[in-house]
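Understanding the architecture of this molecule
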Amino acid sequence: MEIIVGRKGNQPFEIADKSVSGKHLKLTVLNDGKIQVEDLGSTNGTFIDGVRIIQKVVDRNTIVQMGPQYTFLVKDVIPMTTTQKPPVQTPPSAPTPPKEEYDPEVLRKFESLEHVWNKYQEEKIRLQKDNVVKGNLRMLPTALLGVLGYLISCIPELAAFRIPMILAGCGLGVIITWISFKSAKNMPEQMEKLNQKFQIDYVCPKCKQFLGFTPYEGLRNKGQCNACKTKWVKR
């Protein structure tokens with residue numbers, strides 16, 4: 001059972017808060033009765049206990065926050081019904097279930113997600129390092145002018161070239177500042193494009209649902225997709 005929550009969702013009540021996206025998040029009932037909360041790329045984010053999440057498994061008494069202020073109780077969206085029965089315990093004498101079959105194509109596509117995760121991490125770290133370097137460049141003009149002033153004061157012969165050197169230093173400083181400012185301005189856009197591409201590529205090989213920002217090893221340890229239950233690791 002899945003329910004989309006938002007201003008255009010199919011939850012059992014209306015949401016008019018403009019800070020909530022049209023399709024803000026999805027609630028999925030899991031086999032054990034727990035509820036999986038998955039953010040659907042909302043503008044203002046989904047929070048549980050004050051922490052922004054992409055995907056998390058909770059119980060029915062959990063309070064979920066959408067955007068800066070709108071909250072709801074999970075059980076108000078997906079109440080416990082009489083048609084929901086507890087899982088049947090297999091008696092000791094029950095026959096051994098048949099061996100599960102694995103789709104080789106699903107296994108192959110899942111293994112390719114390791115490259116997707118590693119490439120995403122490398123690109124993210126590269127962007128962060130570039131941002132730090134370009135931030136340091138903004139301090140270079142001040143240091144350059146300081147060095148020029150020191151040289152002019154220590155070397156009398158350079159006094160005649162004081163004005164040209166200062167103008168050249170100022171011009172170079174303006175160019176460096178403009179380049180670093182432009183690069184820093186583009187950083188959020190580059191990070192957003194990287195995240196969007198990652199959310200397109202890092203998906204279940206079967207149902208194509210985004211697998212969240214869980215590391216590849218975490219997915220391998222989990223062994224199956226939370227949404228469609230497709231197994232992608234042989235046990």
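Residues numbered from 1 in each chain as written. Predicted model: local features only at pLDDT ≥ 70, side-chain atom pairs only at ≥ 80, totals over all residues. Heavy atoms only, no water.

1. Re the overall build of the protein
- Regarding its fold elements, the protein presents six helices and eight strands.
- Start at the N end of the protein and walk to the C end: the helices and strands fall as β-β-β-β-β-β-β-β-α-α-α-α-α-α.
- Counting every position in the protein, which comprises 235 residues, the buried fraction comes to 32%.
- Within the protein, residue pairs in contact and separated by at least 24 positions form 45% of the contacts whose partners lie at least 6 positions apart.
- A total accessible area of about 15400 Å² is found for the protein, and carbon and sulfur atoms account for 58% of it. (Helix = DSSP H or I, 4+ residues; strand = E, 2+ residues; numbered from the N terminus. Buried < 20%, exposed > 50% of the residue type's maximum accessible area, 1.4 Å probe, protein only. Contact = heavy atoms within 4.5 Å. Areas by Shrake-Rupley, 256 points an atom, 1.4 Å probe, with all protein chains shown as cover.)

2. Concerning the pairing of strand 1 (residues 2-5)
- A one-sided burial pattern is seen for strand 1, the buried positions being I3 and V5 and the unburied ones E2 and I4.
- Of the pairings in the sheet, the one linking strand 1 to strand 2 (residues 25-29) comprises four bridges and is antiparallel in character. Bridge pairing in strand 2 places I4 opposite K26. (Pairing = 2+ DSSP bridges.)

3. Re a positive patch on the surface
- A cluster of basic residues, R7, K8, K18 and K23, forms a positive patch at the surface.
- Structurally, R7 can be placed in the loop between strand 1 and strand 2. (Patch = residues over 30% accessible without salt bridge, like charges linked within 9 Å, V, L, I, M, F, W, Y side chains within 5 Å. Salt bridge = Lys/Arg side-chain N within 4 Å of Asp/Glu carboxyl O. Lys, Arg positive; Asp, Glu negative; His and termini not counted. Charge placed at Lys NZ, Arg CZ, Asp CG, Glu CD.)

4. A short note on the sheet that holds strand 5 (residues 51-53)
- Sheet architecture is open: four strands sit in the order 5-4-7-8, paired in antiparallel fashion. Strands at the two margins of the open sheet, each flanked by one partner only, are strand 5 and strand 8 (70-73). Across this sheet, the average inter-strand angle for adjacent strands is 35 degrees, counted without regard to direction.
- Note: strand 4 (residues 46-48) against strand 5, three bridges, orientation antiparallel. Within strand 5, the position partnered with F47 by the bridge is R52. (Axes fitted to C-alpha atoms, helices over the stretch in contact; angles between N-to-C directions.)

5. Details of the sheet that holds strand 1
- Reading across the sheet, the four strands line up as 1-2-3-6 and stay open at both edges, with antiparallel pairing between neighbours. Either end of the sheet is taken by a strand with one partner, and the two such strands are strand 1 and strand 6 (55-58). Adjacent strand axes in the sheet meet at a mean angle of 20 degrees when their direction is disregarded.

6. Focus on the nonpolar core
- Ranked by size, the top nonpolar core spans 20 residues in total, and within it F110, L113, F198, Y202, L211 and W232 carry the most contacts.
- Breaking this core down by element, the ones donating at least two residues are helix 2 (104-111), helix 3 (113-137), helix 5 (162-201) and helix 6 (216-222).
- Apart from residues no more than four positions distant in its own chain, Y202 is found in contact with L113, V116, W117, Q209, F210, L211, G212, T214, P215, Y216 and L219. (Core = buried A, V, L, I, M, F, W, Y, C linked by side-chain atoms within 4.5 Å.)

7. Section: unusual backbone geometry
- Even without being a glycine, D49 presents a positive backbone phi close to 55 degrees.
- Despite not being glycine, K229 has its phi angle at roughly 65 degrees, a positive value.
- Here K229 shows up in the segment after helix 6.
- K229 sits in the partly exposed class, given a relative accessible area of 28%.

8. Side note on helix 2
- Within helix 2 the residues assigned to the buried category are V106, L107 and F110. The arc that holds the buried residues of helix 2, viewed along the axis, is 100 degrees, so those residues lie on one side. (Arc of directions from axis to C-beta.)

9. Some remarks on the side chain of T62
- Its place among the elements puts T62 in the loop between strand 6 and strand 7 (63-66).
- Relative accessible area serves as the criterion here: at 14%, T62 is assigned to the buried category.
- Filtering out sequence-adjacent residues up to four positions away, T62 remains in contact with I48, F72, L73 and V74.

10. Some details on the packing of aromatic side chains
- Counted according to the given criterion, the structure contains ten aromatic pairs.
- A centroid spacing of 5.7 Å and a plane angle of 35 degrees characterise the contact between W117 and Y202, whose relative ring orientation is tilted. Of this pair, W117 sits in helix 3 while Y202 sits in the loop between helix 5 and helix 6, and the two are 85 residues apart along the sequence.
- Classification of W117 by relative accessible area gives buried; the value is 12%.
- For Y202, a relative accessible area of 0% gives the class buried.
- Look at F198 and F210: their rings are 5.9 Å apart centre to centre, the planes differ by 85 degrees, and that puts the pair in the edge-to-face class. Taken together, the residues span a long stretch of sequence, with F198 in helix 5 and F210 in the loop between helix 5 and helix 6 at a distance of twelve residues. (Phe/Tyr/Trp six-rings, centres within 6.5 Å; stacked < 30°, edge-to-face > 60°.)

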